[in-house]
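If you want the building blocks of each chain, they are given just below.
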Amino acid sequence: MEALKSEGMSRVAVDYVEGILQPKPTCDTWDQIQSFQARPDDLLISSYPKAGTTWIQEIVDLIQNGGDVKQSQRAPTHERFPFIEWTIPSRGLSGLKQANAMTSPRMLKTHLPFHLLPPSFLEKNCKMIYVARNPKDSMVSYYHFHRMNRNLPAPGSWEEYFESFQAGKVCWGSWYDHVKGWWQAKDQHRILYLFYEDMKENPKHEIQKLAEFIGKSLDDKLLDIILYHTSFSIMKQNPMANYTSVANEHMNQSISPFIRKGFQCFLLVIILKELSNISYSLRSFLSIQKKNRIDNEGFWEKNNLRNHR
(Lines give C-alpha, C1' and ligand atoms only; values in the text may rest on other atoms or scores of the structure.)
Protein backbone atom coordinates (compact mmCIF):
# COMPACT_ATOMS: atom_id res chain seq x y z
CA MET A 1 0.00 0.00 0.00
CA GLU A 2 1.12 3.54 -0.58
CA ALA A 3 2.14 5.61 2.42
CA LEU A 4 -0.83 7.60 3.57
CA LYS A 5 -0.42 11.37 3.80
CA SER A 6 -1.81 13.86 6.28
CA GLU A 7 -1.19 17.58 6.65
CA GLY A 8 1.44 17.51 3.95
CA MET A 9 3.64 14.87 5.59
CA SER A 10 3.89 11.19 4.76
CA ARG A 11 2.37 8.59 7.01
CA VAL A 12 3.46 5.02 7.54
CA ALA A 13 2.38 2.44 4.96
CA VAL A 14 0.20 -0.38 6.21
CA ASP A 15 -0.48 -3.93 5.12
CA TYR A 16 -2.00 -7.13 6.43
CA VAL A 17 -0.20 -9.87 8.30
CA GLU A 18 -2.29 -12.99 8.88
CA GLY A 19 -5.41 -10.90 8.32
CA ILE A 20 -4.52 -8.17 10.82
CA LEU A 21 -3.69 -4.66 9.61
CA GLN A 22 -0.23 -3.57 10.76
CA PRO A 23 2.30 -0.84 10.01
CA LYS A 24 4.40 -2.00 7.07
CA PRO A 25 7.66 -2.11 9.09
CA THR A 26 5.99 -4.63 11.40
CA CYS A 27 4.94 -6.74 8.42
CA ASP A 28 8.47 -6.59 7.03
CA THR A 29 9.96 -7.96 10.26
CA TRP A 30 7.20 -10.47 11.01
CA ASP A 31 9.44 -13.53 10.86
CA GLN A 32 11.80 -11.99 13.42
CA ILE A 33 8.89 -11.04 15.67
CA GLN A 34 7.51 -14.57 15.59
CA SER A 35 10.92 -16.05 16.37
CA PHE A 36 11.52 -13.69 19.30
CA GLN A 37 12.87 -15.61 22.27
CA ALA A 38 11.07 -14.87 25.51
CA ARG A 39 12.71 -15.62 28.85
CA PRO A 40 10.91 -17.35 31.75
CA ASP A 41 11.04 -14.24 33.93
CA ASP A 42 9.73 -11.85 31.25
CA LEU A 43 6.63 -9.87 32.16
CA LEU A 44 4.50 -8.98 29.14
CA ILE A 45 1.87 -6.22 29.18
CA SER A 46 -0.73 -6.37 26.42
CA SER A 47 -3.87 -4.52 25.40
CA TYR A 48 -5.81 -3.32 22.43
CA PRO A 49 -4.43 0.16 21.61
CA LYS A 50 -5.50 3.01 23.89
CA ALA A 51 -6.81 0.84 26.71
CA GLY A 52 -4.62 2.20 29.50
CA THR A 53 -1.41 0.41 28.57
CA THR A 54 0.90 3.25 29.64
CA TRP A 55 -0.96 3.57 32.93
CA ILE A 56 -0.44 -0.12 33.69
CA GLN A 57 3.21 0.10 32.64
CA GLU A 58 3.88 2.93 35.10
CA ILE A 59 2.14 1.05 37.90
CA VAL A 60 4.07 -2.15 37.15
CA ASP A 61 7.40 -0.31 37.02
CA LEU A 62 6.79 1.28 40.42
CA ILE A 63 5.76 -2.07 41.87
CA GLN A 64 8.87 -3.73 40.48
CA ASN A 65 11.27 -1.13 41.88
CA GLY A 66 9.62 -0.74 45.27
CA GLY A 67 8.10 2.67 44.67
CA ASP A 68 11.40 4.35 43.75
CA VAL A 69 10.07 7.27 41.71
CA LYS A 70 13.51 8.34 40.49
CA GLN A 71 14.17 4.84 39.21
CA SER A 72 10.85 4.90 37.31
CA GLN A 73 11.93 8.16 35.67
CA ARG A 74 15.21 6.68 34.45
CA ALA A 75 13.94 6.64 30.86
CA PRO A 76 10.75 7.15 28.83
CA THR A 77 8.11 4.44 29.02
CA HIS A 78 8.87 3.12 25.53
CA GLU A 79 12.49 2.49 26.53
CA ARG A 80 11.67 0.82 29.85
CA PHE A 81 9.08 -1.41 28.16
CA PRO A 82 10.20 -2.40 24.65
CA PHE A 83 7.25 -2.62 22.25
CA ILE A 84 8.18 -5.92 20.68
CA GLU A 85 6.44 -5.58 17.28
CA TRP A 86 7.21 -1.89 16.78
CA THR A 87 9.94 -0.59 14.52
CA ILE A 88 10.75 2.78 12.95
CA PRO A 89 13.50 2.09 10.39
CA SER A 90 14.15 5.79 9.70
CA ARG A 91 15.17 6.26 13.34
CA GLY A 92 16.87 2.90 13.74
CA LEU A 93 14.36 1.95 16.43
CA SER A 94 13.28 -1.63 16.98
CA GLY A 95 11.42 -3.08 19.93
CA LEU A 96 13.02 -6.44 19.22
CA LYS A 97 16.53 -4.98 19.40
CA GLN A 98 15.68 -3.12 22.59
CA ALA A 99 14.31 -6.25 24.21
CA ASN A 100 17.22 -8.46 23.13
CA ALA A 101 19.69 -5.95 24.58
CA MET A 102 18.00 -5.84 27.99
CA THR A 103 19.09 -7.82 31.02
CA SER A 104 16.56 -9.93 32.88
CA PRO A 105 14.01 -9.57 34.28
CA ARG A 106 12.48 -7.71 31.34
CA MET A 107 9.20 -5.82 31.14
CA LEU A 108 7.79 -5.89 27.61
CA LYS A 109 4.77 -4.53 25.75
CA THR A 110 2.63 -5.70 22.85
CA HIS A 111 -0.69 -4.93 21.17
CA LEU A 112 -0.76 -8.23 19.33
CA PRO A 113 -3.89 -10.39 19.41
CA PHE A 114 -3.29 -13.48 21.52
CA HIS A 115 -3.16 -15.83 18.56
CA LEU A 116 -0.30 -13.82 17.00
CA LEU A 117 1.95 -13.75 20.07
CA PRO A 118 5.47 -15.08 19.51
CA PRO A 119 5.15 -18.74 20.61
CA SER A 120 8.07 -18.50 23.04
CA PHE A 121 5.97 -16.50 25.54
CA LEU A 122 3.75 -19.55 25.95
CA GLU A 123 6.59 -22.05 25.77
CA LYS A 124 8.41 -20.23 28.59
CA ASN A 125 5.18 -19.89 30.62
CA CYS A 126 5.67 -16.13 30.99
CA LYS A 127 3.45 -13.97 33.14
CA MET A 128 1.24 -11.70 31.04
CA ILE A 129 -1.00 -8.79 32.01
CA TYR A 130 -3.90 -7.84 29.76
CA VAL A 131 -6.02 -4.73 30.18
CA ALA A 132 -9.36 -4.29 28.39
CA ARG A 133 -11.31 -1.06 27.99
CA ASN A 134 -14.84 -0.64 26.67
CA PRO A 135 -14.90 -0.23 22.88
CA LYS A 136 -16.52 3.18 22.74
CA ASP A 137 -13.86 4.95 24.79
CA SER A 138 -11.11 2.92 23.13
CA MET A 139 -12.35 3.96 19.70
CA VAL A 140 -12.47 7.69 20.49
CA SER A 141 -9.03 7.65 22.12
CA TYR A 142 -7.56 5.62 19.26
CA TYR A 143 -8.99 8.04 16.72
CA HIS A 144 -7.25 10.99 18.35
CA PHE A 145 -4.06 8.95 18.68
CA HIS A 146 -4.10 8.33 14.93
CA ARG A 147 -4.50 12.04 14.35
CA MET A 148 -1.34 12.95 16.28
CA ASN A 149 0.83 9.89 15.61
CA ARG A 150 2.49 9.99 12.17
CA ASN A 151 3.73 6.43 12.58
CA LEU A 152 0.15 5.26 12.11
CA PRO A 153 -2.13 5.77 9.10
CA ALA A 154 -4.10 9.01 8.92
CA PRO A 155 -7.59 8.23 10.28
CA GLY A 156 -9.54 10.31 7.80
CA SER A 157 -12.75 11.93 8.98
CA TRP A 158 -14.48 10.75 12.13
CA GLU A 159 -17.16 9.11 9.99
CA GLU A 160 -14.53 7.24 7.96
CA TYR A 161 -12.66 6.13 11.06
CA PHE A 162 -15.89 5.01 12.71
CA GLU A 163 -16.52 2.68 9.76
CA SER A 164 -12.95 1.36 9.79
CA PHE A 165 -12.96 0.67 13.52
CA GLN A 166 -16.35 -0.99 13.34
CA ALA A 167 -15.09 -3.32 10.60
CA GLY A 168 -11.82 -4.09 12.40
CA LYS A 169 -9.85 -2.45 9.58
CA VAL A 170 -7.49 -0.53 11.84
CA CYS A 171 -4.01 -1.44 13.04
CA TRP A 172 -4.10 -4.43 15.42
CA GLY A 173 -7.47 -5.44 14.07
CA SER A 174 -10.87 -5.89 15.63
CA TRP A 175 -11.41 -4.72 19.21
CA TYR A 176 -13.91 -7.55 19.67
CA ASP A 177 -11.58 -10.30 18.50
CA HIS A 178 -8.72 -8.85 20.53
CA VAL A 179 -10.40 -8.70 23.95
CA LYS A 180 -12.20 -12.00 23.36
CA GLY A 181 -9.04 -13.83 22.27
CA TRP A 182 -7.15 -12.82 25.40
CA TRP A 183 -10.20 -13.55 27.58
CA GLN A 184 -10.49 -17.08 26.23
CA ALA A 185 -6.76 -17.68 26.86
CA LYS A 186 -6.64 -16.38 30.41
CA ASP A 187 -7.47 -19.67 32.15
CA GLN A 188 -4.96 -21.72 30.16
CA HIS A 189 -1.97 -19.44 30.69
CA ARG A 190 -0.49 -17.13 33.33
CA ILE A 191 -2.59 -14.12 32.33
CA LEU A 192 -3.96 -11.48 34.67
CA TYR A 193 -6.96 -9.96 32.88
CA LEU A 194 -7.76 -6.43 34.07
CA PHE A 195 -10.38 -3.85 33.14
CA TYR A 196 -9.70 -0.16 32.68
CA GLU A 197 -13.05 0.64 34.29
CA ASP A 198 -12.12 -1.34 37.42
CA MET A 199 -8.83 0.55 37.59
CA LYS A 200 -10.76 3.82 37.61
CA GLU A 201 -13.34 2.65 40.17
CA ASN A 202 -10.99 1.02 42.66
CA PRO A 203 -7.31 1.58 41.82
CA LYS A 204 -6.06 0.40 45.22
CA HIS A 205 -7.69 -2.98 44.79
CA GLU A 206 -6.43 -3.41 41.23
CA ILE A 207 -2.88 -2.31 42.08
CA GLN A 208 -2.80 -4.85 44.91
CA LYS A 209 -4.02 -7.47 42.45
CA LEU A 210 -1.19 -6.54 40.09
CA ALA A 211 1.38 -6.74 42.87
CA GLU A 212 0.18 -10.16 43.98
CA PHE A 213 0.32 -11.45 40.42
CA ILE A 214 3.86 -10.11 39.97
CA GLY A 215 4.92 -11.56 43.32
CA LYS A 216 5.45 -8.34 45.27
CA SER A 217 4.05 -7.15 48.59
CA LEU A 218 2.78 -3.59 49.02
CA ASP A 219 2.28 -1.91 52.39
CA ASP A 220 -0.05 1.08 52.71
CA LYS A 221 2.75 3.64 52.35
CA LEU A 222 4.06 2.08 49.15
CA LEU A 223 0.55 1.73 47.77
CA ASP A 224 -0.12 5.42 48.39
CA ILE A 225 3.12 6.35 46.59
CA ILE A 226 2.12 4.30 43.54
CA LEU A 227 -1.42 5.69 43.58
CA TYR A 228 -0.17 9.27 43.64
CA HIS A 229 2.50 8.93 40.97
CA THR A 230 0.22 7.04 38.59
CA SER A 231 -2.71 9.41 39.00
CA PHE A 232 -3.94 11.09 35.82
CA SER A 233 -2.77 14.58 36.80
CA ILE A 234 0.76 13.46 37.72
CA MET A 235 1.26 11.18 34.73
CA LYS A 236 0.02 13.89 32.37
CA GLN A 237 2.89 16.10 33.59
CA ASN A 238 5.52 13.35 33.72
CA PRO A 239 7.81 13.62 30.65
CA MET A 240 8.87 10.00 31.14
CA ALA A 241 5.26 8.85 30.74
CA ASN A 242 3.49 11.42 28.54
CA TYR A 243 5.61 10.88 25.39
CA THR A 244 6.62 14.55 25.16
CA SER A 245 10.17 13.25 24.71
CA VAL A 246 9.12 12.03 21.24
CA ALA A 247 9.68 14.60 18.50
CA ASN A 248 6.66 16.36 16.97
CA GLU A 249 7.48 14.89 13.58
CA HIS A 250 6.42 11.54 15.03
CA MET A 251 3.86 12.51 17.69
CA ASN A 252 2.41 15.97 17.32
CA GLN A 253 0.84 16.70 20.69
CA SER A 254 -0.39 20.09 19.52
CA ILE A 255 -2.98 18.09 17.54
CA SER A 256 -3.94 15.89 20.48
CA PRO A 257 -2.05 15.10 23.69
CA PHE A 258 -0.91 11.52 24.23
CA ILE A 259 -2.66 11.51 27.61
CA ARG A 260 -6.01 13.12 26.88
CA LYS A 261 -8.73 12.83 29.52
CA GLY A 262 -8.33 9.60 31.44
CA PHE A 263 -11.99 9.09 32.23
CA GLN A 264 -15.05 7.51 30.68
CA CYS A 265 -17.16 10.20 29.10
CA PHE A 266 -18.43 8.65 25.89
CA LEU A 267 -22.09 8.06 26.66
CA LEU A 268 -22.74 11.49 28.15
CA VAL A 269 -20.48 13.68 26.05
CA ILE A 270 -18.72 11.98 23.17
CA ILE A 271 -21.89 10.64 21.57
CA LEU A 272 -23.30 14.13 21.42
CA LYS A 273 -20.11 15.80 20.26
CA GLU A 274 -18.56 13.23 17.96
CA LEU A 275 -21.37 11.03 16.66
CA SER A 276 -23.84 13.78 15.87
CA ASN A 277 -23.18 13.64 12.12
CA ILE A 278 -23.17 9.85 11.79
CA SER A 279 -26.22 8.39 10.14
CA TYR A 280 -26.12 5.24 12.28
CA SER A 281 -28.17 5.24 15.45
CA LEU A 282 -26.58 4.26 18.75
CA ARG A 283 -28.66 1.09 18.76
CA SER A 284 -27.27 0.13 15.35
CA PHE A 285 -23.76 1.03 16.52
CA LEU A 286 -23.96 -1.27 19.54
CA SER A 287 -25.72 -4.25 17.98
CA ILE A 288 -23.66 -7.18 16.78
CA GLN A 289 -24.39 -8.40 13.30
CA LYS A 290 -21.00 -9.93 12.62
CA LYS A 291 -18.20 -11.24 14.77
CA ASN A 292 -15.91 -8.33 13.97
CA ARG A 293 -18.39 -5.56 14.87
CA ILE A 294 -18.13 -3.49 18.03
CA ASP A 295 -19.70 -5.53 20.78
CA ASN A 296 -20.45 -3.57 23.92
CA GLU A 297 -23.89 -5.09 24.58
CA GLY A 298 -22.95 -8.50 23.19
CA PHE A 299 -19.50 -9.47 24.47
CA TRP A 300 -18.91 -6.79 27.10
CA GLU A 301 -22.31 -6.94 28.79
CA LYS A 302 -24.29 -10.05 27.81
CA ASN A 303 -21.41 -12.33 28.75
CA ASN A 304 -20.93 -10.28 31.93
CA LEU A 305 -17.24 -10.12 31.17
CA ARG A 306 -16.29 -7.88 34.08
CA ASN A 307 -18.34 -9.91 36.56
CA HIS A 308 -16.27 -13.05 35.94
CA ARG A 309 -13.09 -11.63 37.44
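As the structure is a computational prediction, the values presented were derived from the model and not from experiment.

### Focus: the overall build of the chain
Piece 1. Counting secondary structure elements, the chain contains 17 helices and 10 strands.
Piece 2. Each of the 309 residues in the chain was classed as buried or not, and the buried ones make up 56%.
Piece 3. Within the chain, contacts between residues separated by at least 24 positions form 71% of all contacts whose residues are at least 6 apart in sequence.
Piece 4. Roughly 14000 Å² of accessible area belongs to the chain as shown, and the carbon and sulfur atoms make up 49% of that amount.

### Brief notes about the pairing of strand β8 (residues 107-110)
The side chains of a regular strand alternate between the sheet's two faces.
Piece 1. Of the two faces of β8, the one carrying Met107 and Lys109 and the one carrying Leu108 and Thr110 are both buried.
Piece 2. Looking at chain direction, strand β5 (residues 43-47) and β8 are connected through four bridges and run parallel. Among the inter-strand pairings, Ser46 is bridged to a residue of β8, identified as Thr110.

### Observations concerning the environment of Val69
Piece 1. Inspection of the secondary structure puts Val69 in helix α4 (residues 69-72).
Piece 2. Residue class for Val69 comes out partly exposed when judged on its relative accessible area of 21%.
Piece 3. In this structure the C-alpha to C-alpha distance between Val69 and Ile226, which are 157 residues apart in sequence, comes to 8.7 Å.
Piece 4. Residues within four places of Val69 in sequence aside, it is in contact with Leu62, Ile225 and His229.

### A closer look at helix α12 (residues 203-214)
Piece 1. Across its 12 residues, α12 extends 16 Å between first and last C-alpha, which sits within 8% of the 16 Å expected from 1.5 Å per residue.
Piece 2. Looking at α12, one finds that the buried residues are Glu206, Ile207, Lys209, Leu210, Ala211, Phe213 and Ile214.
Piece 3. On its buried face, α12 sits against β5, α3 (53-64), β9 (127-132), β10 (191-195), α11 (196-201) and α13 (220-229).
Piece 4. After α12 finishes, the residue Gly215 shows a positive phi value of roughly 100°.

### Observations concerning the confidence of the model for the chain
Piece 1. In the predicted model, the chain carries a mean pLDDT of 79, and 72% of its residues have values of at least 70.
Piece 2. Per-residue pLDDT stays below 50 along residues 1-8; that stretch engages in 21 contacts with residues further than four places along the chain or on separate chains.
Piece 3. Note on residues 262-299: pLDDT is under 50 here. Beyond four places in sequence and across chains, it has 81 contacts.

### Notes on the packing of aromatic side chains
Piece 1. Applying the stated criterion to the full structure yields 18 aromatic pairs.
Piece 2. Relative to Trp172, the ring of Trp86 lies with its centre 6.1 Å away and its plane at 25°, an arrangement referred to as stacked. Of the two residues, Trp86 is situated in the loop between α5 (77-80) and β6 (87-88) and Trp172 in the loop between α9 (158-166) and α10 (175-185); the sequence distance between them amounts to 86 residues. Judged on exposure class, the residue Trp86 and its partner Trp172 are both buried.
Piece 3. Here the aromatic rings of Tyr143 and Trp158 are separated by 4.9 Å at their centres, their planes lie at 80°, and the arrangement is edge-to-face. With Tyr143 in helix α8 (residues 135-148) and Trp158 in helix α9, this pair connects stretches of sequence that are 15 residues apart.
Piece 4. On the basis of relative accessibility, which here comes to 11%, the residue Tyr143 falls in the buried class.
Piece 5. Residue placement shows Lys50 over the ring face of Phe145; its charged tip is 4.6 Å from the ring centre.

### Points about the nonpolar core
Piece 1. Judged by nonpolar contacts, the single largest core of 51 residues is most densely connected at Phe121 and Tyr142.
Piece 2. When residues no more than four places from it in sequence are discounted, the contact partners of Tyr142 are Tyr48, Pro49, Lys50, Leu152, Tyr161, Phe165, Val170, Cys171 and Trp172.
Piece 3. Counting 26 residues, the second-largest nonpolar core is a separate cluster that includes Trp55, Ile207, Leu222 and Leu223.

### Notes on the side chain of Thr26
Piece 1. Here Thr26 lies in helix α1 (residues 24-28).
Piece 2. When sequence neighbours within four positions are dropped, the list of residues in contact with Thr26 reads Ile33, Glu85 and Thr87.

Parameters and conventions
- Residues numbered from 1 in each chain as written.
- Predicted model: local features only at pLDDT ≥ 70, side-chain atom pairs only at ≥ 80, totals over all residues.
- Heavy atoms only, no water.
- Helix = DSSP H or I, 4+ residues; strand = E, 2+ residues; numbered from the N terminus.
- Buried < 20%, exposed > 50% of the residue type's maximum accessible area, 1.4 Å probe, protein only.
- Contact = heavy atoms within 4.5 Å.
- Areas by Shrake-Rupley, 256 points an atom, 1.4 Å probe, with all protein chains shown as cover.
- Pairing = 2+ DSSP bridges.
- Expected span 1.5 Å × (residues − 1).
- pLDDT = per-residue confidence, 0-100.
- Phe/Tyr/Trp six-rings, centres within 6.5 Å; stacked < 30°, edge-to-face > 60°.
- Lys NZ or Arg CZ within 6 Å of the ring centre and 35° of its normal.
- Core = buried A, V, L, I, M, F, W, Y, C linked by side-chain atoms within 4.5 Å.

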